Amino acid sequence: RKEVEQDPGPFNVPEGATVAFNCTYSNSASQSFFWYRQDCRKEPKLLMSVYSSGNEDGRFTAQLNRASQYISLLIRDSKLSDSATYLCVVGVFTGGFKTIFGAGTRLFVKA
Amino acid sequence: DAGVTQSPTHLIKTRGQQVTLRCSPISGHKSVSWYQQVLGQGPQFIFQYYEKEERGRGNFPDRFSARQFPNYSSELNVNALLLGDSALYLCASSLVLAKNIQYFGAGTRLSVL
């Protein structure tokens, strides 16, 4: 089983749609959680940190459920510019520190 | 302020050769991490360095090594290159280890022929 698993995608949605991405992680010692965005042939960029209390940044909402080891990202009112790969990221400290990325979910937003 | 800078941008090597990749973190950042990303996959964690000490290591063979210098820049070395080492190598810096919000450089694209 992969340490961080994401919806395989791709997701194809029209402009204005609401889209939800799901992610699960296997290590209960995980301590930090993020969503990154990666455009084609570019480096990953932080989208937002994820907390148990949930956090919102404009059209984006992220949620963490530690009991279920589940992370989500909701994008409302999708824009063409939201087309990218969304990476779920987990930080784990078990003697040493590791940062684990999911394989990513590709999103295509179409006019 | 400059972001994370990596050099070289592209590199072509042959099997069995050795390669050194370089990374300069954002000014004030003391932690540097290295990742390998192959097409269609998320970045795979190789190493994390903080205050010049290795603080984390991923599941990569001993052919991969790294170090961090007093100015917090870092080098990743890969010996005895294999075809499967062809990938985008990403460097990320963060302010402090625990916080771990990482900022990535544009990467070095390595092709092994």
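Residues numbered from 1 in each chain as written. Chains lettered and ligands numbered in written order. Predicted model: local features only at pLDDT ≥ 70, side-chain atom pairs only at ≥ 80, totals over all residues. Heavy atoms only, no water.

**Q** An account of the interface of chain A and chain B is needed here, citing residue identities and associated values.
**A** Each partner contributes residues to the interface: chain A has 18 residues there, and chain B has 21 residues. The largest per-residue losses of area from chain A upon contact with chain B belong to A:F97, A:T99 and A:F101, which jointly make up 33% of the total buried on that side. Taken together, the connections running from chain A to chain B amount to four residue pairs in polar contact (both at pLDDT 80 or more). Of all the secondary-structure elements, those providing two or more residues to the side of chain A that touches chain B are β4 (30–38), β5 (45–49), β9 (84–94) and β10 (96–101) of chain A. Class assignment for the residues of the side of chain A that touches chain B results in eight nonpolar, seven polar and three charged. (Contact = heavy atoms within 4.5 Å. Buried area = accessible area lost by both parts, 1.4 Å probe. Polar contact = N/O pair within 3.5 Å; in protein donor to acceptor, adjacent residues only side chain to side chain. Helix = DSSP H or I, 4+ residues; strand = E, 2+ residues; numbered from the N terminus. Nonpolar A, V, L, I, M, F, W, Y, C, P; charged D, E, K, R; others polar.)

**Q** Just give me the short version of the pairing of strand β4 (residues 31–37) of chain B, but keep the residues and values in it.
**A** Residues and elements named next belong to chain B. Where burial is concerned, most of β4 is hidden: seven out of the seven residues are buried. The alternating pattern of β4 places S31, S33, Y35 and Q37 on one face and V32, W34 and Q36 on the opposite face, and all of these are buried. Taken together, β4 and the strand that follows it, strand β5 (residues 44–50), pair antiparallel across an intervening segment of six residues, in which G40 is found at a positive phi of about 85 degrees. Examined bridge by bridge, β4 and strand β9 (residues 87–94) share seven bridges and lie antiparallel to one another. From the neighbouring strand, S31 faces β9, where its bridge partner is S94. (Buried < 20%, exposed > 50% of the residue type's maximum accessible area, 1.4 Å probe, protein only. Pairing = 2+ DSSP bridges.)

**Q** Go over the nonpolar core, please, and point to the residues and values.
**A** Counting 26 residues, the largest nonpolar core has A:F21, A:W35, A:I71, A:L73, A:I75, A:Y86 and A:L107 as the members making the most contacts within it. Among the elements that make up this core, the one with the highest residue count is β9(A) (five residues). Excluding its chain neighbours within four sequence positions, the residues that come into contact with A:L107 are A:F11, A:V13, A:V19, A:F21, A:I75, A:D82, A:S83, A:A84 and A:Y86. Of all hydrophobic cores here, the second largest spans 22 residues; its members include B:V19, B:V32, B:Y49 and B:F64. (Core = buried A, V, L, I, M, F, W, Y, C linked by side-chain atoms within 4.5 Å.)

**Q** Let's hear about the sheet that holds strand β1 (residues 4–6) of chain A: which residues, and what values?
**A** Residue and element names in this part refer to chain A. The sheet built from five strands is open, its strands ordered β1-β3-β8-β7-β6 with antiparallel pairing. Bordering the open sheet on either side are β1 and β6 (55–57), each of which pairs with just one other strand. With direction set aside, neighbouring strand axes in the sheet form an average angle of 15 degrees. (Axes fitted to C-alpha atoms, helices over the stretch in contact; angles between N-to-C directions.)

**Q** Explain the packing of aromatic side chains to me, using residue names and the numbers behind them.
**A** All told, the structure shown has 13 aromatic pairs over all chains when counted by the stated rule. Ring centres 6.5 Å apart and planes at 40 degrees place the aromatic pair A:F21 and A:W35 in the tilted group. In this pair, A:F21 sits in strand β3 (residues 19–25) while A:W35 sits in strand β4, placing the two residues 14 residues apart along the sequence. Just as A:F21 is buried, A:W35 falls in that class too. Considering the side-chain rings of B:Y35 and B:F104, the 5.5 Å spacing of their centres and the 45 degrees angle between planes classify their relative orientation as tilted. (Phe/Tyr/Trp six-rings, centres within 6.5 Å; stacked < 30°, edge-to-face > 60°.)

**Q** Talk me through the state of the cysteines; I want residue IDs and the actual numbers.
**A** All names here are of chain A. A full pass over the atoms with the stated rule returns two disulfides over all chains. Here C23 pairs with C88 through a disulfide, and the sulfurs are 2.0 Å apart. Between C23 and C88, the S-S torsion sits near -75 degrees, and that sign places the bridge as left-handed. Here C23, found in strand β3, pairs with C88, found in strand β9; they are 65 residues apart in sequence, far enough to count as distant. This pair shows no difference in class: C23 is buried, exactly as C88 is. (Disulfide = S-S within 2.5 Å.)

**Q** Requested: an account of the sheet that holds strand β1 (residues 5–7) of chain B, with residues and values cited.
**A** Residues and elements named next belong to chain B. As summarised here, the arrangement of the four strands in space is β1-β3-β8-β7, forming an open sheet in which the pairing is antiparallel. In this open sheet, the two strands that pair with only one neighbour each are β1 and β7 (64–68). Recorded for the sheet is a direction-independent mean angle of 15 degrees between the axes of neighbouring strands. Pairing of strand β3 (residues 19–24) with strand β8 (residues 74–78) involves five bridges; the strand directions are antiparallel. Across the sheet, residue T20 finds its bridge partner in β8, namely N77.

**Q** I'd like a description of the environment of A:V90, backed by residues and values.
**A** Residues and elements named next belong to chain A. The topology assignment puts V90 in strand β9. Of the residues examined, V90 reaches a relative accessible area of 1% and is grouped as buried. Note: C-alpha distance between V90 and T24 (66 residues apart in sequence) is 9.7 Å. When neighbours within four sequence positions are excluded, V90 is seen to be in contact with V4, Y25, S30, S32, F33, I71, K98, T99 and I100.

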